Amino acid sequence: AEQRLGFLGRTRQFFSRMSQTVQENDTLTEELWDELLESLLAADVGPNTSMWLIDRLRQRAEEEQMRTGSQVQRALREELTSLLDQPSPLRFSKQSPLTVFLVIGVNGSGKTTSIAKMAHLLTREGHKVTLAAADTFRAAAIDQLKVWGERIGVPVISQSPNSDPGAVVYDAIQAALTRGSDVLIVDTAGRLHTKNNLMEELKKLNKIIQKFVPDGPHELLIVIDATTGQNALLQARTFAANIGLTGVIITKIDGTAKGGFAFAVADDLGVPIKFIGTGEKVGDLIPFEPKSFVEALFT
Ligand code: GDP
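Here the structure is a predicted model, which is why all the values come from computation and not from measurement. (Residues numbered from 1 in each chain as written. Predicted model: local features only at pLDDT ≥ 70, side-chain atom pairs only at ≥ 80, totals over all residues. Heavy atoms only, no water.)

Peer 1: With reference to specific residues and values, describe the pattern of salt bridges.
Peer 2: Here the structure, examined in full by the defined rule, presents 12 salt bridges. The partner of Lys-111 in a salt bridge is Asp-135, with the nearest N and O atoms 2.9 Å apart. You can see Lys-111 sitting in helix α5 (residues 111-124) and its partner Asp-135 sitting in the loop between β2 (129-133) and α6 (139-152), a full 24 residues away along the chain. Owing to a relative accessible area of 3%, Lys-111 belongs among the buried residues under this scheme. Asp-135 sits in the buried class, given a relative accessible area of 3%. Between Lys-203 and Glu-200 there is a salt bridge whose closest N-O contact spans 3.6 Å. (Salt bridge = Lys/Arg side-chain N within 4 Å of Asp/Glu carboxyl O. Helix = DSSP H or I, 4+ residues; strand = E, 2+ residues; numbered from the N terminus. Buried < 20%, exposed > 50% of the residue type's maximum accessible area, 1.4 Å probe, protein only.)

Structure (structure tokens):
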């Protein structure tokens, strides 16, 4: 895991500097808390989460009678780890032969690429995957998913651009069941700004899925681009609570010095991070492990 987290290099610099600064303090002063807050913000942990962390650490420092920066540093590590929650593997159906994952995200977030990466990973684990191109709004999105499908040897069920996403999902479920797939990943629209439309669309898709797979969909994942930082989070937050989101995929974490974004995501959206995208290649998707992530940041 250590080696695979090598991409964190730039983020790691932020955190190790933060860690050093805190540890250098023999006493706990106001400057220490100010500096720590600044460092957290610089690493894109986000204002809400950063301020919450400072409050929490100050409270603990008092209760546990901490005297040195080293003690604060250890507590910081603990709090960051617990912000991220437990590792959260994908949920598979226990009653139906088919498990269905829905994936949403704005254009350019890395949604199509992440779906291909997931399909590749699951195929390598022995699953038989089918993909559904239900983001029918953009012709390019359909084509792109097909190209990926060919590359990784996974069938992509699609219709013409602007067709009804529900019809695509219906077709895809039939195709998946017929060919004995155990996983169907649905590429769903990325128009998050039209919150109501998306919610209506998801409701419709859920109905169709539940006709054939009563306990589905088993995951509703949102793809968020780490390089767009707090803006992307704001957008996701406005509707996350209403649509039954079950997890997050953070992409392009390799291209940013601000991997601290992961903490803001987990804290703000209140759903686990399932995967992180670490590059453009099909193998560049890592199941998220909170402990290794935090450890990699501080070593
Ligand atoms: P979509 O519009 O959301 O479907 O986005 P795409 O899947 O087409 O991805 C947009 C761009 O981001 C492409 O050039 C991808 O290669 C790139 N991309 C996706 N995920 C990652 C990632 O984890 N790391 C990096 N560096 N690039 C990524």
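Structure's up, so let's keep going.
Peer 1: Describe the packing of aromatic side chains, naming the residues involved and giving the relevant values.
Peer 2: Tallied over the full model, the rule gives six aromatic pairs. For the ring pair Phe-15 and Phe-263, a centre distance of 6.0 Å and an interplane angle of 50° mean the geometry is tilted. Of this pair, Phe-15 sits in helix α1 (residues 9-23) while Phe-263 sits in helix α10 (residues 261-269), and the two are 248 residues apart along the sequence. Per residue, the accessibility class of Phe-15 equals that of Phe-263, and both read buried. Here the basic side chain of Arg-17 rests over the ring of Phe-14, its NZ or CZ set 5.9 Å away from the ring centre. In this arrangement the basic side chain of Arg-151 is found over the ring face of Trp-148, its NZ or CZ atom lying 4.3 Å from the centre. (Phe/Tyr/Trp six-rings, centres within 6.5 Å; stacked < 30°, edge-to-face > 60°. Lys NZ or Arg CZ within 6 Å of the ring centre and 35° of its normal.)

Peer 1: So, the nonpolar core: which residues are in play, and what are the values?
Peer 2: Membership of the largest hydrophobic core comes to 74 residues, with the highest contact counts inside it found for Leu-36, Ile-250, Phe-263, Ile-276 and Phe-293. Setting aside residues up to four positions removed in sequence, Phe-293 forms contacts with Leu-5, Leu-8, Leu-84, Ile-253, Gly-259, Ala-262, Phe-263, Ile-276 and Phe-288. (Core = buried A, V, L, I, M, F, W, Y, C linked by side-chain atoms within 4.5 Å. Contact = heavy atoms within 4.5 Å.)

Peer 1: I'd like to hear about the side chain of Thr-136, residue by residue, with values.
Peer 2: Within the element layout of this structure, Thr-136 appears in the loop between β2 and α6. Since its relative accessible area comes to 5%, Thr-136 is described here as buried. Looking at Thr-136, its side chain comes within polar contact range of the main-chain oxygen of Ser-163, at 2.8 Å. Discounting chain neighbours no more than four positions away, the residues touching Thr-136 are Ile-142, Pro-161, Asn-162, Ser-163, Pro-165 and Val-168. (Polar contact = N/O pair within 3.5 Å; in protein donor to acceptor, adjacent residues only side chain to side chain.)

Peer 1: Lay out the site of the ligand with the relevant residues and their values.
Peer 2: Contacts to the ligand come from 18 residues, most closely from Gly-108, Thr-112, Thr-113, Gln-144 and Glu-280. A distance of 3.4 Å separates an oxygen atom of the ligand from a polar side-chain atom of Lys-117. At a separation of 3.0 Å, an oxygen atom of the ligand approaches a polar backbone atom of Lys-252. Residue contributions to the shell around the ligand peak at four residues, all from α5. Class assignment of the residues belonging to the shell around the ligand gives a composition of one nonpolar, 11 polar and six charged. (Near = heavy atom within 4 Å. Nonpolar A, V, L, I, M, F, W, Y, C, P; charged D, E, K, R; others polar.)

Peer 1: How would you summarise the packing of helix α4 (residues 69-83) against helix α11 (residues 290-298) if you had to cite specific residues and measurements?
Peer 2: α11 packs onto α4 with a crossing angle of 145° between their chain directions and a minimal axis gap of 9 Å. The interaxial crossing formed by α4 with α11 has right-handed handedness. Facing α4, whose interface residues are Gln-73, Leu-76, Arg-77, Leu-80 and Thr-81, α11 presents Lys-291, Val-294, Glu-295 and Phe-298. Across the contact of α4 with α11, the residue classes tally to four nonpolar, two polar and three charged. (Axes fitted to C-alpha atoms, helices over the stretch in contact; angles between N-to-C directions. Left-handed = near helix turned anticlockwise from the far one by under 90°.)

Peer 1: Help me get a handle on α11, residues and values and all.
Peer 2: Burial analysis of α11 places seven of its nine residues in the buried class, which makes it a mostly covered element. If you check which residues of α11 are buried, you get Pro-290, Ser-292, Phe-293, Val-294, Ala-296, Leu-297 and Phe-298. In this structure, the buried side of α11 is in contact with α1, α4, α10 and β7 (273-277).

Peer 1: So, the pairing of strand β1 (residues 99-104): which residues are in play, and what are the values?
Peer 2: The two faces of a sheet get side chains in turn, since along a regular strand they alternate between them. With six of six residues buried, β1 is to be regarded as a mostly interior element. Here β1 shows a buried face lined by Thr-99, Phe-101 and Val-103 and a second buried face lined by Val-100, Leu-102 and Ile-104. As paired strands, β1 and strand β4 (residues 183-187) are joined by five bridges and run parallel to one another. Its bridge partner being in β4, Leu-102 is matched across the sheet by Val-186. (Pairing = 2+ DSSP bridges.)

Peer 1: So, the UniProt feature "domain: SRP54-type proteins GTP-binding" (unreviewed entry) in the protein chain: which residues are in play, and what are the values?
Peer 2: With numbering matched to this structure, UniProt assigns "domain: SRP54-type proteins GTP-binding" (unreviewed entry) to residues 272-285. End C-alpha to end C-alpha, residues 272-285 measures 16 Å, and it is 0% helix and 43% strand. (UniProt positions renumbered as here; feature names shortened; annotations may be inferred.)

Peer 1: So what's going on with the sheet that holds strand β3 (residues 156-157)? Which residues, and what values?
Peer 2: In spatial order, the strands read β3-β2-β4-β1-β5-β6-β7-β8; together these eight strands make up an open sheet with mixed pairing. Edge strands, defined here as strands with exactly one partner in the open sheet, are β3 and β8 (285-287). Of the pairings in the sheet, the one linking β1 to strand β5 (residues 219-225) comprises four bridges and is parallel in character. Each residue of the ladder has a partner; that of Phe-101, found in β5, is Glu-219.

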